[in-house]
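# A look at the structure
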Amino acid sequence: MSFEFDSLRGFGESARHLPFEQRVRLVRAETFFGQAAGNLVGVGIGAFIFSLILEHAGLAADIRLGWLSMVVLLSCLMVAYEWRVRRRGLTPDNAEQCLRTRAGVGLLAALGCGVGALLVPADAGGFAHGMGLFLALSLITVATLGFAVVPWFFMSVGIGIMVPLFLRYTYLYAKVGEPYFIWLAAAGLTVTVLILIKG
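As a starting point, this report considers the structure included with it.

Quick notes on the rules
Residues numbered from 1 in each chain as written. Predicted model: local features only at pLDDT ≥ 70, side-chain atom pairs only at ≥ 80, totals over all residues. Heavy atoms only, no water. Helix = DSSP H or I, 4+ residues; strand = E, 2+ residues; numbered from the N terminus. Buried < 20%, exposed > 50% of the residue type's maximum accessible area, 1.4 Å probe, protein only. Contact = heavy atoms within 4.5 Å. Expected span 1.5 Å × (residues − 1). Arc of directions from axis to C-beta. Salt bridge = Lys/Arg side-chain N within 4 Å of Asp/Glu carboxyl O. Polar contact = N/O pair within 3.5 Å; in protein donor to acceptor, adjacent residues only side chain to side chain.

## Concerning the overall build of the protein chain
What the protein chain contains, in helices and strands, is seven helices and zero strands. Order of helices (α) and strands (β) in the protein chain, N terminus to C terminus: α-α-α-α-α-α-α. Counting only residues that meet the buried cut, the protein chain has 42% of its 199 residues in that class. A sequence separation of at least 24 residues applies to 71% of the contacts in the protein chain between residues at least 6 apart.

## Some thoughts on helix α2 (residues 39-57)
Along its 19 residues, α2 runs 27 Å from first to last C-alpha, staying within 8% of the 27 Å computed at 1.5 Å per residue. For α2, the full list of buried residues reads Leu40, Val43, Ala47, Phe50, Ser51, Ile53, Leu54 and Ala57. Each buried residue of α2 lies within a common arc of 160° when the element is viewed along its axis, so the set occupies one face. Facing away from the buried side of α2, by more than 90 degrees, are the exposed residues Val41 and His56. Lining the buried residues of α2 we find α3 (61-88), α4 (95-118) and α5 (126-146). One or two positions beyond α2, positive phi appears at glycine 58, with a value near 100°.

## Quick notes on the pattern of salt bridges
Here the structure, examined in full by the defined rule, presents four salt bridges. Notably, a salt bridge pairs glutamate 96 with arginine 28, separated by 3.0 Å at the nearest N-O pair. Here the residue glutamate 96 occupies a position in helix α4, and arginine 28 occupies one in helix α1 (residues 20-36), the gap between them amounting to 68 residues. The closest approach of N and O atoms between arginine 86 and glutamate 82, which form a salt bridge, is 4.0 Å. Of the two residues, arginine 86 and glutamate 82 both sit in helix α3, four residues apart, roughly one turn of that helix. Since its relative accessible area comes to 7%, glutamate 82 is described here as buried. Each of Glu82, Arg86 and Arg102 takes part in a single network of salt bridges with overlapping partners.

## As for the side chain of threonine 144
Topologically, threonine 144 is positioned in helix α5. Here isoleucine 140 takes part through its backbone oxygen, which lies 2.8 Å from a polar atom of the side chain of threonine 144. Those residues in contact with threonine 144, other than ones at most four positions away along the chain, are Phe154, Ile195, Leu196 and Gly199.

Set out below in structure tokens:
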């Protein structure tokens, strides 16, 4: 899909006869698919790098590889679906359904990748936990700034990733009394709220 807004079908002559709301939905779907192109490469590279951090942190190989496989599988499903939509094209009739399907699979992939931050062993040390927070905030930022045309998508990614991570850090602080965890919880929640507000 093109990033040139003037070339989107929702702005073209063929869509002039459509009701305004339907044209907006078509442009929104075209914009979402245009912004989605290439994001999977970043997700895959990020997941691979984070799996190395999990390995260094002492996470069992089967859990780490299972997580990485899940992220890769969901990413491949998204690539296949985007390819299918590109072949068929977005039309006023299928745009909303295509958007919901792609955003739903994208949400699963983002949440699945975000699970990596929860897999950091409790005793892994500050670096691994800090990188887990970095992974989570990176996913939330990409979802919010890249897909602002679909608010439910980036809000679901932000809440779905940060709430469990916030609860985990709070639990670890209560359990071991390490102030580092409460700082991670506070920083993660604050930055997430700021990012989501910008969306």
